[in-house]
Structure formats: C-alpha cells, structure tokens
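Residue strings, one per chain:
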Amino acid sequence: MDPLVNIEGERFDAVFGEAVRDQALRALEGGQVLFFPHLTFPLSADERSFLDPRCSDGRAKNISYDVSTGSLKGTVLGGHEREHLRGMVARFAQSARTLVEGLLPGYTPHLRLGRTSYRPVEAKERPSSYRKDDSRLHVDAFPSRPNGGQRILRVFSNVNPDGRGRVWRLGEPFETCARRFLPTIRPPLPGQRWLLAACGLTTGYRSAYDHYMLALHNAMKGDDYFQRHCPQYEVTFPAGTTWMVFTDQVPHAAMAGQYLFEQTFHVPVHGLNEPARAPLSVLERLLGRSLVTTRDQNRSIRAS
Ligand code: AKG
C-alpha cells in the first residue's frame, strides 16, 4: 500500500468532487496519509516575522492555541505581537476545519476541534525524554487527556521559508503493530485509573482503550530494535504543502524540519465511514473484549 495519496487543490476552501471525497475517506480510514502537494498555508508579510524560533518560550515544543478558550501558550511574545501571533494560529485552525469539512463532509456533524499548534523549533533539536521523543515511531495517545476511543485526526502544513521539507518516517499498519506489542502490555491495575483522575493527573477517566493506546505508544517508542528494523518509509513533505492523517492509527516519527502548523480534530468512532478500521475496533477484536463503556464515554465527554 502506498503510504501517501495525493489530493489536488490549491485552496483550503477548494470544492472536491464526489469521487475525490470517496477516495480520500477510504484512504484516510485505511491508514494512508492524504497529501496536498499544492496546498500552501499563506502567511502575510507581517506574519513572516513569526518564522523565528525565538517566538517560542523554549520550554514547550509547540506554541499551542485552544480554539474553545482563545488561550495561547508556549510563546514569549506579549502585547500586540502576541495578538497577531494568536490571529495567525487561529486562522490556521479555521483553514484546517474548512478543508476537513469540504473533503470529508460526513465528519462535519461529529467533528470536535482540539488544540492547534505552531512549531517554529527545529524538530531535530526538540529536547525530550524517550516517551516525548516524536522522532521515534509512535501512534498518538495523550497521557493526561484520555479520549474514550475518539479518533485523532490531524492536519499539518509545512511553511518553511527556506524550502526545507518536513521529514517523517511512517511505519507498518496499526493492526500489525498492535499484534506485535499487545502480548507485552499488562491490563490496567485495579483502582489505578480512578486514582489518576482523582489526583488530577488525567482530565477525566482513562478508559481501558486509553490505557492500551498509551501503553502501545510507550512500547513502540521504547523499543530500539523495532525503531530501527520494523518496515518503514521515509517521507519528505516539501515546504508549501499540507497533509492529513489519523495519527492514532498511523505509526509516524518526525525526523527533521522547522516551521509547521498542526490542527487536531476528534472524531467519534460512530462518525466514521468504516468503524471496524478504527484502533478501538481493532484492539477490541484482538483482546476479545470491550474497551470503552458508556460510563467511560460520558466521563471523558464531561471532562473535555
Ligand atoms: C506528533 O505530533 O505526534 C508528531 O509526531 C510530530 C509531528 C511533527 O512535528 O512533524
């Protein structure tokens, strides 16, 4: 299977024909990356001044924006400059949403916007512990933000002004990876997930699904042999391009590049065209039990 599927279009509000929309939906849910070779996120002359790693506060790897509250974190900028930066990141959030809704209209009623990030720091230089090291192949799962089985869909745009690509590695299909690591993963300890929520270490209750996804993320990143020898492709996303992928399903690693925008969306499994391909369904099938109860879903919806 080719890891990328090209989608033509030069605007985030492009109108896509039915055949392209169907192809995109099948490819995305099947674990391919939708690549938009001609879709550039345009920056104004003023916004180009933010193409500078000194915008970042040096602590977080990303400048992050929460569309629901308007809060912007991870930057040293203040006053007028901060407002301007917020406007740029918010504009990316809106553009990414327009793109997803135009290309995948079936998701629109279910789509929930997560964080938006701007990444002005060289990916190779981001300091990390191995669990935070995104240059190791992983599927996304967030330790403090359980999602109760919802999908993690992300849109990325490389805005590097010097023509440098964003270099990723893409790994084997989700099910192959899950089969490889599940035998090494222990079920949650009794009371552990309740305690994490009670101590405020997770926003809401970590479902069994979240437990297994996080353990899978950590097991992949922690296995040096796997990192070096599993089947993988290196892919370079050139400057001025955009791509979209379910990062909870597709093993990926960011090897190099600077100046990237990213928008996260959450999609419930019942909003998918093929729910059976979701990591939740695959893990439930492999483990032979249900991993998310209605109570978990209510708890994680209340917390989000
Ligand atoms: C992630 O956000 O999960 C990554 O692996 C980083 C992607 C990137 O910054 O290119």
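Think of each chain on its own: its residues are numbered from 1, step by step along the sequence as written. Confidence filtering applies because this is a predicted model: local features only for residues at pLDDT of at least 70, side-chain atom pairs given and counted only at 80 or more, and all residues used for totals across whole chains, interfaces and linings. In computing side-chain values, all of the structure's heavy atoms are included and hydrogens and water are not.

The protein chain is annotated in an unreviewed UniProt entry as 3-deoxy-D-manno-oct-2-ulosonic acid (Kdo) hydroxylase from Acidiferrobacter thiooxydans.

As summarised here, the arrangement of the three strands in space is S8-S7-S10, forming an open sheet in which the pairing is antiparallel. Across the chains shown, the open sheet's two edge strands, defined by having one partner strand only, are strand S8 (233-237) and strand S10 (252-256). Between one strand and the next, the sheet's axes are offset by a mean angle of 30 degrees, whatever the strand orientation. Think of it this way: DSSP has to see at least two bridges between two strands before they count as a pair. For helices the rule is a DSSP run of H or I covering at least 4 residues; for strands it is a run of E covering at least 2, with both sets numbered from the N terminus onward. As defined by bridge partners, strand S7 (residues 166-170) adjoins S8 across five bridges and the pair is classed as antiparallel. The residue bridging Trp168 from the neighbouring strand is Val235, located in S8. Angles here are taken between N-to-C directions and fall from 0 to 180 degrees, while the axes themselves are lines fitted to C-alpha atoms, restricted in helices to the stretch in contact.

In this section: the site of the ligand. Here a residue is near a molecule or strand as soon as one of its heavy atoms is found within 4 Å of it. Within the structure, the ligand sits among 11 residues, and Arg119, Asp140, Arg154, Arg166 and Trp168 are positioned closest to it. In this structure, an oxygen atom belonging to the ligand sits 2.8 Å away from a side-chain N or O atom of Arg166. Think of a polar contact as two N or O atoms within 3.5 Å of one another; within protein, one of them needs to be a possible hydrogen donor and the other a possible acceptor, and neighboring residues in sequence only count if both atoms come from side chains. In this structure, an oxygen atom belonging to the ligand sits 2.9 Å away from a side-chain N or O atom of Trp168. Only the protein chains shown count as cover for residues, and the accessible areas themselves come from Shrake-Rupley with a 1.4 Å probe. Out of a free accessible area of 300 Å², the ligand has 98% covered by protein chains. Lys, Arg, Asp and Glu make up the charged group, whereas Ala, Val, Leu, Ile, Met, Phe, Trp, Tyr, Cys and Pro make up the nonpolar group; the residues left over, Gly among them, are polar. The class makeup of the residues in the shell around the ligand is three nonpolar, two polar and six charged.

Backbone-to-backbone hydrogen bonds join strands into a sheet, with any given pair of strands oriented parallel or antiparallel. Sheet architecture is open: eight strands sit in the order S1-S2-S9-S6-S11-S5-S3-S4, paired in mixed fashion. Whereas interior strands pair on both sides, the edge strands pair on one side only; in this sheet they are strand S1 (4-6) and strand S4 (71-73). Geometrically, the sheet is characterised by an average inter-axis angle of 20 degrees between neighbouring strands, direction not taken into account. Note: strand S5 (residues 112-119) against strand S11 (residues 260-267), six bridges, orientation antiparallel. Residue pairing across strands places Ser117 opposite Glu262, the latter belonging to S11. Contacts were defined at the residue level, with two residues in contact if any of their heavy atoms lie within 4.5 Å. Across the sheet, helix H2 (residues 79-103) touches strand S2 (33-36), strand S3 (63-66), S4, S5, strand S6 (151-158), strand S9 (242-246) and S11, and the angle it forms with S11 is around 50 degrees.

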